[in-house]
Amino acid sequence: SEYFGTTIMASPTSVCDLKKYLVCGGPCYKCCAAPLFPGIKNGEKFLADWDKALRGYGKMSGISDSELAVFAVVKDSELDHQAATKVQVAPNQANMGRE
């Protein structure tokens, strides 16, 4: 919320991207997720920046994308219309540091 921010959570597994009710509902991994950072303002931007930093580290270290953490925004909903979406880096952020 705008007053309390967003809670950033982490899950040890993606549970093969299964949904709670097999074909609909939120992602199963929400059930085993634990809070990392409560009250983050601009949570999606925070995750996008973190994702960008991790991808840069992976590239420098020779770690493939399949071995890196996955960042997703998950809305509290039992229906598919608010399922998990992969964090996207904004176009102006993607070119930062190349000038």
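Each remark here, short or long, concerns the structure printed above.
An account of the accompanying structure is given in this report. (Residues numbered from 1 in each chain as written. Predicted model: local features only at pLDDT ≥ 70, side-chain atom pairs only at ≥ 80, totals over all residues. Heavy atoms only, no water.)

Before going further, it helps to examine the overall build of the protein. A count of helical and extended segments in the protein gives 2 helices and 4 strands. Secondary structure elements in the protein, listed N-terminal to C-terminal, are β-β-α-β-β-α. Long-range pairs, those at least 24 residues apart, make up 59% of the contacts in the protein with a sequence separation of at least 6. For the protein, the accessible surface area stands at approximately 7400 Å², while carbon and sulfur atoms represent 60% of it. (Helix = DSSP H or I, 4+ residues; strand = E, 2+ residues; numbered from the N terminus. Contact = heavy atoms within 4.5 Å. Areas by Shrake-Rupley, 256 points an atom, 1.4 Å probe, with all protein chains shown as cover.)

Here Ser14 lies in the loop between strand S1 (6–10) and strand S2 (34–40). A relative accessible area of 36% places Ser14 in the partly exposed class. (Buried < 20%, exposed > 50% of the residue type's maximum accessible area, 1.4 Å probe, protein only.)

On to helix H1 (residues 43–61), then. For H1, spanning 19 residues, the distance from its first C-alpha to its last is 27 Å, which sits close to the expected 27 Å at 1.5 Å a residue. Within H1, burial applies to Gly43, Leu47, Ala48, Asp51 and Gly58. Down the axis of H1, the buried set is contained in an arc of 130 degrees. They therefore lie on one face. Looking at the residues trailing H1, positive phi occurs at Gly62, about 80 degrees. (Expected span 1.5 Å × (residues − 1). Arc of directions from axis to C-beta.)

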